[in-house]
Amino acid sequence: AESVEHTFVVSQTKMTRLCKETLVTVVNGQLPGPTIEVTDGDSVTVHVVNRSPSNITIHWHGVKQFRNGWFDGVPMITQCPIMPNKNFTYRFNVVRQEGTLWWHAHVPGLRATLHGAFVIRPRHGAESYPFPKPHREVPVIIGDWWEKDLVEVAKNMTKNIFTAYASASTVNGLVGDLFNCSGVAKEGYVLDVEPGKTYLLRIINAGLFSEFYLKIAGHKFTVVAADANYVSPFTTDVIAIAPGETVDALLIADAPPGRYYMVALPNQAPLPDTQTPEYATRGMVQYKVSQGPCSGPTSVSSSRGTEEEGCRGPSSGDVPIVPEMPDIHDTVTSFYFHSNLTSLRHHARLPVQRRVDERMFIVLGLGTICKQGHKFCKRGNSNEDILVATMNNVSFQPPAVTSTPLLEAHYYHTGPCGKMQDLPKMPPKLFNFTDEALIPFGPKEMRLEPTYKATLVRRFQHGAIVEIVFQSTAMLQGDSNPMHLHGHDMVVLAQGLGNYDPVKDGARYNHVNPPVKNTVLVPNLGWIAVRFVANNPGVWFMHCHYEFHLSMGMAAVFIVEDGPTMDTSLPPPPANFPTCGHDIDLMPK
Ligand code: C2O
């Protein structure tokens, strides 16, 4: 095992997209940020130097951080945020994981530009992939471009003021030619391919809000992994990917040489009145000819849309081929794509027995709270109340930056700080979750429940097998609900549309080859049933990866108790681990 070291300098940089210079917060001046490439078993050290005006933490999305929650990178849950002009060094090992994950800032809004791929190769080299060794591996990061200041946008989100949509969607940071003025690399992201070769696309949805459909004209994908867990390969012409998810797919360059558009379309469930703008983005798959100046070992494949004369296939002068995309309101394609995921092998590592120690039924919804200072307020009156996102009708209140991070409080048993409350295991009332009348802002009276905010926690005994059914509601129609659990993978037993029925739906759980994910997409107007083994001692965030919902409080904290031995317990914080309010500076001099 090796040690991989990076320095991430976070700063504001001007970038030009859509013919406009925008100040964006990025790592090392790059968008997307640097790719971290490791081999399973490696240790990783990342020095973060914060030269931006914002508080920052970096989260290693999907990396299990076994007994290492200190470096999970969630502000006030696992660490104090890295203040401007301060540094912090993350140290962790990658243990028995392979595939594509990613890293991103875990602060409201800024993950839109502070993110990058985290690639884990197998211990025994690329030869040991459970699929033919690809000719080349390329991250394909789908995201959005914001012209509005993201810190401002995020601040407004917590107050339920939705001030802006993204200005464009992007592939690897480029907006592409569907936008009038796409600036640098006008064609967007260009993937150069050689005829007959196979490419491993490591696809990441780093977008704040949208689930995307990804297609490449004239080509099919073979999906081989999701969330860094191998799946039984299946062929599809469209990939559906929700915020926080990753998909590894093989692309074989087996079409007639030419140019083919790659399109990423944000999908949007139909809503009665509101219409969100459509911001599809496109890049290009471009074949190289086998003769000419570009062949041979000196040929450099371009990933930034540079044009090398003479490199193109015979049809380079032709108009590139455009894929036919699903309808923007199509949610069925996503449902089937996600249903197609099954794990490649029997998951011996994750005990998927029938034993369940804890069951939770978590209803995702919206509620209202009175604005501060008002004891009573009229529901539905936006001057008086605020719309919040809820789980079982309680909304998450992040711990104050002036307090102690929850992980530290847990380790030192320094009792609850602030208003902590157990996340209820069940909703306060059961109702028909997909009833039309529950859609807020509809013609009928809003059926939002009055609620409150609290720092929601749920404690689990070490080793407990926990089953959670996430039930979506009509209130959330139109939004995607990708639920992400830190520190653990979840086994997806079943998903369905409508209301979850414990008898009928419980009977059709997949105990044979359920997919294993760190982010599970709750189907629109439906439910998903997952299990995980609470075997990673520490304090872990669990939340919707849809930024608006997260800011509005769709989150909770899972506390996994220590096991009986040293090996199953949370070790003390690393030496010199900073406490809030003090200088956070662990950079070696
Ligand atoms: Cu990718 Cu808590 O996040």
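In this text the structure is predicted, and so the values were computed from the model without any measurement.

**Quick word on the overall build of the protein**
Each helix and strand counted, the protein has 5 helices and 33 strands in total. Split into buried and exposed, the 589 residues of the protein put 50% on the buried side. Taking the intrachain contacts of the protein between residues at least 6 apart in sequence as the baseline, contacts between residues at least 24 apart amount to 78%.

**Here we look at the sheet that holds strand 4 (residues 43-50)**
Backbone-to-backbone hydrogen bonds join strands into a sheet, with any given pair of strands oriented parallel or antiparallel. Spatially, the 4 strands line up as an open sheet ordered 2-1-4-6, and their pairing is mixed. Single-partner strands in this sheet number two, and they are strand 2 (20-27) and strand 6 (87-93). Taking the axes of each pair of neighbouring strands and ignoring which way they run, one obtains an average angle of 20 degrees across the sheet. The pairing of strand 4 with strand 6 spans 7 bridges and is classified as antiparallel. Across the sheet, valine 49 pairs through a bridge with asparagine 87, a residue of strand 6.

**Quick look at the UniProt feature "domain: Plastocyanin-like" (unreviewed entry) in the protein**
Taking the UniProt record as the reference, the feature "domain: Plastocyanin-like" (unreviewed entry) is found at residues 10-123, 137-270 and 424-562. Secondary structure content for residues 10-123 is 0% helix and 46% strand, and the end C-alpha separation is 31 Å.

**So, helix 2 (residues 332-339)**
Within helix 2, the full set of buried residues consists of Ser334, Phe337 and His338. One face of helix 2 carries all of its buried residues, which in axial projection span an arc of 95 degrees. The inward-facing, buried residues of helix 2 contact strand 13 (211-216), strand 15 (229-236), strand 16 (239-241), strand 18 (259-267), strand 28 (490-497) and strand 30 (519-522).

**Here's the deal with the domain arrangement of the protein**
Each domain of the protein was delimited in the assignment, giving domain 1 (1-126), domain 2 (131-343) and domain 3 (358-568). Computed over C-alpha atoms, the centres of domain 1 and domain 3 are 25 Å apart. With 17 residues of domain 1 in contact, the opposing surface of domain 3 contributes 19 residues. A per-class count over the side of domain 1 that touches domain 3 returns 8 nonpolar, 6 polar and 3 charged.

**A closer look at the pairing of strand 8 (residues 115-121)**
Within a regular strand, the side chains alternate between the two sheet faces. With respect to burial, strand 8 is a largely interior element, 6 of its 7 residues being buried. With 4 bridges joining them, strand 3 (residues 36-39) and strand 8 adopt parallel strand pairing. Paired with isoleucine 36 across the bridge in strand 8 is phenylalanine 118. The pairing of strand 7 (residues 99-105) with strand 8 spans 6 bridges and is antiparallel. Residue pairing for strand 8: tryptophan 103 is matched across the bridge by glycine 116.

**Thoughts on the nonpolar core**
The biggest cluster of nonpolar side chains holds 158 residues, and the ones touching the most others in it are Val48, Ile142, Ile239 and Val530. Looking at this core, the element that brings in the most residues is strand 31 (residues 526-534), giving 7 residues. Setting aside its immediate chain neighbours within four residues, valine 530 contacts Ile468, Met490, Val491, Val492, Leu493 and Val520.

**Here we look at the pairing of strand 28**
Note that strand 28 and strand 29 (residues 516-517) share 2 bridges and pair antiparallel. Paired with methionine 490 across the two strands is lysine 517, which belongs to strand 29. The sheet contact formed by strand 28 and strand 31 spans 6 bridges and is antiparallel. Paired with valine 492 across the strands is valine 530, a residue of strand 31.

**Overview of the sheet that holds strand 11 (residues 190-193)**
Judged by pairing direction, the sheet is mixed, and its 5 strands sit side by side in the order 11-19-18-13-16 without closing on themselves. Only two strands of the sheet have a single neighbouring strand rather than two, namely strand 11 and strand 16. Taken pair by pair, the neighbouring strands of this sheet meet at an average axis angle of 20 degrees, ignoring direction. Inspection of the sheet shows strand 13 paired to strand 18 by 6 bridges, in the antiparallel sense. Bridge pairing in strand 18 links phenylalanine 212 to proline 266. Contacts from helix 2 reach strand 13, strand 16 and strand 18, with the element oriented near 95 degrees to strand 16.

**Observations regarding the confidence of the model for the protein**
Across the protein, the average pLDDT comes to 87, with 84% of residues at or above 70. This stretch, residues 440-446, has a pLDDT under 50; its non-local contacts, to residues over four places away or in other chains, come to 8 contacts. Across residues 582-589, confidence stays below pLDDT 50; counting only partners more than four residues off in sequence or on other chains, it has 17 contacts. Both scores are given for the predicted complex: the pTM is 0.92, the ipTM 0.99.

What counts, and at which threshold
- Numbers given for residues are sequential positions, taken from 1 along each chain in its written order.
- Local features in this predicted model are restricted to residues whose pLDDT is 70 or higher, and side-chain atom pairs enter the listing and the counts only when it is 80 or higher, whereas totals over whole chains, interfaces and linings include all residues.
- For the purposes of this entry, the term helix denotes a DSSP run of H or I that reaches at least four residues, the term strand denotes a run of E that reaches at least two, and both are numbered from the N terminus.
- Partly exposed residues are those whose C-beta has more than 12 but fewer than 20 other C-beta atoms within 10 Å; with 20 or more the residue is buried, with 12 or fewer it is exposed, and the C-beta atoms are placed from the backbone.
- Each residue is represented by a C-beta atom placed from its backbone, and any two residues with such atoms within 7 Å are regarded as in contact.
- Note: two strands are recorded as paired if DSSP finds a minimum of 2 bridges between them.
- To get an axis, a line is fitted to the C-alpha atoms, and for a helix only the part in contact is used. The angle between two axes follows their N-to-C directions and goes from 0 to 180 degrees.
- UniProt positions are given in the numbering used here, feature names are shortened, and annotations may be inferred rather than shown by experiment.
- For this quantity, the arc is that covered by the directions from the helix axis to the C-beta atoms.
- By convention here, the domain bounds are inherited from an automatic or database domain assignment.
- Under the convention adopted here, Pro, Cys and the residues Ala, Val, Leu, Ile, Met, Phe, Trp and Tyr are nonpolar, Asp, Glu, Lys and Arg are charged, and Gly plus all remaining residues are polar.
- Nonpolar core, as used here: buried Ala, Val, Leu, Ile, Met, Phe, Trp, Tyr and Cys residues forming one set through C-beta atoms within 7 Å.
- Confidence scores labelled pLDDT are given residue by residue by the predictor and lie between 0 and 100.

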